[in-house]
Amino acid sequence: MNVELQLDPRRTVPAWLAYGTPVLTVLAALAVGGVALVALNVDPVDAYGVMFVETLTSQFGLTEVLVRAVPLILAGLAVYLPLKAGLFNIGAEGQLLLGALAGTWVAVNVSLPAVALLPLMFLAACVAGAFWAGIPAWLRAKWDVNEIITSLLLTFVAQELQSYLLRGPMQGGTGNFPQSARFSDAATLPPLAGLVPGGESIPLFADVHAGLLVAVAAVVATYVVMTKTRLGFEVTFVGSNDEAARQAGMSRHTVYLFVFLLGGAFAALGGIAEIAGSQGRFRAAFAPGYGFTAIPIALLGRNSAVKVTLAGLFFAVLFVGGSSVEVAFGVPAALVEIIQALVILFLITSEFFKRYRVGIAFDRRGNDAPADATGGDARW
Amino acid sequence: TGGDTGDTDDTEASETTASEGTTSGTTTGDVETTDGGGPSEGETVNAAWVYISEIGDLGWSWAHDQARQAVDEQYDWLETEYTEAVAPSDSERVFEQYAQGDVDVIFGTTFGYQDPMYAVAEDYPDTVFEHATGYRTRENMGRYMGRIYEPRYLAGQATGMVTENNTIGYVAAFPIPEVVRSINAMALGARSVNPEATFKVRWVNAWFDPPTAREAANALIDEGCDVIAQEQDSPAAVRAASDAGVWTSGYNAPMGQFGGENYLISPIWDWTEFYGPTLESLHEGSWEADAFWGGMETGVPMLDEWGPNVSQEVKDQVAATEEQILNDELDVWAGSAFEGESDEFLFQEMSSFVEGVEGEVPS
């Protein structure tokens, strides 16, 4: 008997599939993770209650999710934009670090009032991040050097640069610890409460820093550029078929540089926003891989900047909720990571089934044919 | 530099009431062991530990968790919990979550938790915080560490006596005072018995990174080191030395099982001797924020068991010196560039090597 697997790309994804898949796959992943919880004598329903319900219904949980989402969304956009042009930016982590370094340098070396200092810090971060992302983009556009490798390797360079700067020229505070000096008040992102009209009355805004506004602005800008402008159209066009785009007179060079420069700037904003908003000083290893988590975020959200935002928020819930489960139930850290990884794995797998119709055909003639037609195959 | 130093040692006796307040207000009812023995005046104490690496690291976090289990076993009135593998950048949330719950005291066991813990301690004045290895305190936040440089000095003597090339390799974590202090103490110990001994240092730039630690150890062995010492939260460097057939000394936890035939001895921690009295004082309502930096006489920093092939001569030498340290007859820093320095300097400002250590502390 022959079994034939046939994969047909779907022209359209039915609505029930589009919305049902993520929900069902997350539930399926949690069910698998539940086995491990049961093995550790933890009631999975209780654990998932803490992970999701408590995280999303308590002020503490929501605040933490929004704070965590800022670098995740911004780094997610940094991967999302090149993805639209058919490129993989695996180096968002490095761009984030470069942005954090440049922003920190300004924060601790320039004294200006907050209204001038914060924009200057963010500008410096953008320039540094864009520069770091621009290298793989230029190499790809000009010499066709694989951007996956260059952007990834530049992340390691960025990490070493961080190591060097935090132990050398940028080291601050008492006693040779690998960290920068503490940020002054002027260099610290204020909570949202004071910035948004009526913000004081919104409880969440007391503890969520203004970096959230930066993330929202970046999402809106990305959305507008990608859907309303000629450049955005060219990005999508080059991403779909760069040969056709070339024939239509579009410059691959411009598009590649554009997506990487803007993406790198966004990742950099994520880095400096995290430090100026939540950490208060640049500590070595402040970023637990936001730039790498950005890759599944962008893959899940690749249809639009809004979906990147949703994916970023979802990952923030996973991290914050996962950490709550650890604290509440004393389960090993590895278990929470396994559950998070299962969710990611299931979601990405389900994306495949969403995009392809899988047909399985059982070819019964195989059984009826003489045995040597299939078994004694002489062509080998 | 930042405003850090001003915060040191500004603690006075005003804390007792705050800790009493928490102990009584929150924890009745939901605990099964309150009816047991032990001091009966106080209520149940709920204590939480936060670790930077997994307790299976067989090193630093493992040692703290052994002590947690020991005190949990020891006191009927104590309930403990822990969270492992918490990055410093994430720790503020974990501290806050514990503080919002019914936890009376939170122990944070890595340097990187200092600022986040301090920030949370400000917001939760009724919760007691204890931070290992840092220098900031406030009325509801104490700090603790042990003078591990004493057993380091002793282990250093052993390395100095067994080395034939007079070259000892040291796989180090970060170039911070805590680590530099240990390297210096070990080198002073080695040179007290072998003036020719020199130390080569490799920085891993991580507390817990077994592959890099292993690589660093191998690189040092290739450069001619015939003894490998380490300050890492894992036994990877010890294992590498054992594989290469050179002498080795570990850190944090007994590492004899990884060092094999060439194992010397390791400076290790018994934190029970700190956690026990601290939790008792909380239970009795007499806790005060202070800076604990106990030496070998407290039982916190100590040595583990000798490896199988160490000569009696080495053992006798180290035993004699240990006796001197316990009797307060020997100052590890005597005769070095750091003789007579204050505890504050030794603890948070030591940032250069003593004679006999190659190279410079990166800065």
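Residues numbered from 1 in each chain as written. Chains lettered and ligands numbered in written order. Predicted model: local features only at pLDDT ≥ 70, side-chain atom pairs only at ≥ 80, totals over all residues. Heavy atoms only, no water.

Next up on the list: unusual backbone geometry. In terms of backbone geometry, most residues other than glycine have negative phi values and most peptide bonds are trans. Even without being glycine, A:Asp144 reaches a positive phi, approximately 60°. Counting through the fold element by element, A:Asp144 comes out in the loop between helix H5 (114-143) and helix H6 (147-167). With a phi close to 80°, B:Thr133 is a non-glycine residue in the positive phi region. Relative to the elements of secondary structure, B:Thr133 occurs in the loop between strand E4 (128-132) and strand E5 (141-146). (Helix = DSSP H or I, 4+ residues; strand = E, 2+ residues; numbered from the N terminus.)

The next point concerns the interface of chain B and chain A. At the junction of the two partners, chain B supplies 36 residues and chain A supplies 30 residues. For the pair chain B and chain A, the summed buried surface comes to about 2,900 Å²; carbon and sulfur atoms form 50% of the total. Three residues stand out in chain B for area buried against chain A, namely B:Ser89, B:Arg93 and B:Gln97, and they jointly supply 23% of the buried area on that side. On inspection of chain B and its partner chain A, the count reaches four salt bridges. Between B:Arg93 and A:Glu64 there is a salt bridge whose closest N-O contact spans 3.7 Å. Where chain B touches chain A, the interface holds four residue pairs in polar contact (both at pLDDT 80 or more). Counting only elements with at least two residues in the side of chain B that touches chain A, the list comes to strand E2 (78-83), helix H3 (88-100) and helix H4 (114-123) of chain B. Ranked by residues supplied to the side of chain B that touches chain A, first place goes to H3(B) with ten residues. In terms of residue class, the side of chain B that touches chain A is built from 14 nonpolar, twelve polar and ten charged. (Contact = heavy atoms within 4.5 Å. Buried area = accessible area lost by both parts, 1.4 Å probe. Salt bridge = Lys/Arg side-chain N within 4 Å of Asp/Glu carboxyl O. Polar contact = N/O pair within 3.5 Å; in protein donor to acceptor, adjacent residues only side chain to side chain. Nonpolar A, V, L, I, M, F, W, Y, C, P; charged D, E, K, R; others polar.)

Right, let's get into the pairing of E5(B). Residues and elements named next belong to chain B. Taking burial as the measure, the six residues of E5 include six buried ones, the bulk of the element. In E5, alternate side chains face the same way, and those of Met141, Arg143 and Met145 on one face and Gly142, Tyr144 and Gly146 on the other are all buried. As paired strands, E5 and strand E11 (residues 291-294) are joined by four bridges and run parallel to one another. Bridge pairing in E11 links Gly146 to Gly294. (Buried < 20%, exposed > 50% of the residue type's maximum accessible area, 1.4 Å probe, protein only. Pairing = 2+ DSSP bridges.)

What follows is about the sheet that holds strand E9 (residues 247-249) of chain B. Residue and element names in this part refer to chain B. Pairing is parallel in the open sheet, where four strands are placed in the order E7-E6-E8-E9. Looking at strand neighbours, the two that pair on one side only are strand E7 (198-203) and E9, the edges of this open sheet. On average, each strand axis in the sheet is tilted by 20° relative to the strand beside it, whichever way the strands run. Here strand E6 (residues 167-172) runs beside E7; their pairing, made up of six bridges, is parallel. (Axes fitted to C-alpha atoms, helices over the stretch in contact; angles between N-to-C directions.)

All names here are of chain B. Taking strand neighbours across the sheet as the criterion, the six strands line up as E2-E1-E3-E4-E5-E11 in an open arrangement whose pairing is parallel. The sheet terminates laterally at E2 and E11, the two strands that pair on one side only. On average, adjacent strands in this sheet sit at an angle of 20° to one another, irrespective of strand direction. Bridge analysis of strand E1 (residues 45-50) against E2 gives six bridges, and the strand direction is parallel. If you follow Ala48 over to E2, its bridge partner there is Glu81. Lying over the sheet, H4 contacts strand E3 (105-108), E4 and E5, oriented at roughly 170° with respect to E4.

Here we come to the pattern of salt bridges. Within this structure, the stated rule accounts for 20 salt bridges over all chains. Sharing partners across several salt bridges, the network here consists of A:Arg140, A:Asp144, A:Glu147, A:Asp242 and A:Arg252.

Residue and element names in this part refer to chain A. Taken domain by domain, chain A consists of domain 1 (1-41 + 330-365) and domain 2 (68-195 + 206-329). Between the C-alpha centres of domain 1 and domain 2 the distance comes to 29 Å. If you look at the interface, domain 1 gives 13 residues, while domain 2 gives 15 residues. Counting each side, the surface lost to burial between domain 1 and domain 2 is near 1,100 Å², with a carbon and sulfur contribution of 71%. On the surface where domain 1 and domain 2 come into contact, there are zero salt bridges. The interface formed by domain 1 and domain 2 includes three residue pairs in polar contact (both at pLDDT 80 or more). With nine residues, the single largest contributor to the side of domain 1 that touches domain 2 is helix H13 (residues 333-355). (Domains from an automatic or database assignment.)

A:Leu77, A:Tyr80, A:Met121, A:Phe122, A:Phe183, A:Phe282 and A:Phe286 are the most contacted members of the largest nonpolar core, which totals 106 residues. For this core, the leading source of residues is helix H3 (residues 59-84) of chain A, giving 14 residues. Two domains each provide a minimum of three residues to this core, namely domain 1 (1-41 + 330-365) and domain 2 (68-195 + 206-329) of chain A. In contact with A:Phe183, not counting residues within four places along its chain, are A:Thr104, A:Ala107, A:Val108, A:Met121, A:Thr188, A:Ile272, A:Ile275, A:Ala276, A:Gly280, A:Arg281 and A:Phe282. In this structure, A:Phe177, B:Ala63, B:Trp247 and B:Tyr275 belong to the second largest nonpolar core, which totals 80 residues. (Core = buried A, V, L, I, M, F, W, Y, C linked by side-chain atoms within 4.5 Å.)

The geometry of an aromatic ring pair is captured by the separation of the ring centres together with the interplanar angle, meaning the angle of the planes. Under the definition given, this model contains 28 aromatic pairs over all chains. With 6.1 Å between their ring centres and 90° between their planes, A:Phe314 and A:Phe315 make a pair best called edge-to-face. Look at B:Trp271 and B:Tyr275: their rings are 6.4 Å apart centre to centre, the planes differ by 40°, and that puts the pair in the tilted class. Like B:Trp271, the residue B:Tyr275 is buried in the burial classification. A cation sits over an aromatic face here: B:Arg143 above B:Phe347, 5.1 Å from the ring centre. Between the NZ or CZ atom of B:Arg152 and the centre of the ring of B:Tyr251, over which it lies, the distance is 4.5 Å. (Phe/Tyr/Trp six-rings, centres within 6.5 Å; stacked < 30°, edge-to-face > 60°. Lys NZ or Arg CZ within 6 Å of the ring centre and 35° of its normal.)

Moving on: a negative patch on the surface. Residues and elements named next belong to chain B. A surface patch of negative charge is lined by Glu297, Glu323, Asp328, Glu329, Asp331 and Glu339. Looking at the element boundaries, Asp331 is found in the loop between helix H11 (312-326) and helix H12 (343-348). Residue class for Asp331 comes out partly exposed when judged on its relative accessible area of 39%. (Patch = residues over 30% accessible without salt bridge, like charges linked within 9 Å, V, L, I, M, F, W, Y side chains within 5 Å. Areas by Shrake-Rupley, 256 points an atom, 1.4 Å probe, with all protein chains shown as cover. Lys, Arg positive; Asp, Glu negative; His and termini not counted. Charge placed at Lys NZ, Arg CZ, Asp CG, Glu CD.)

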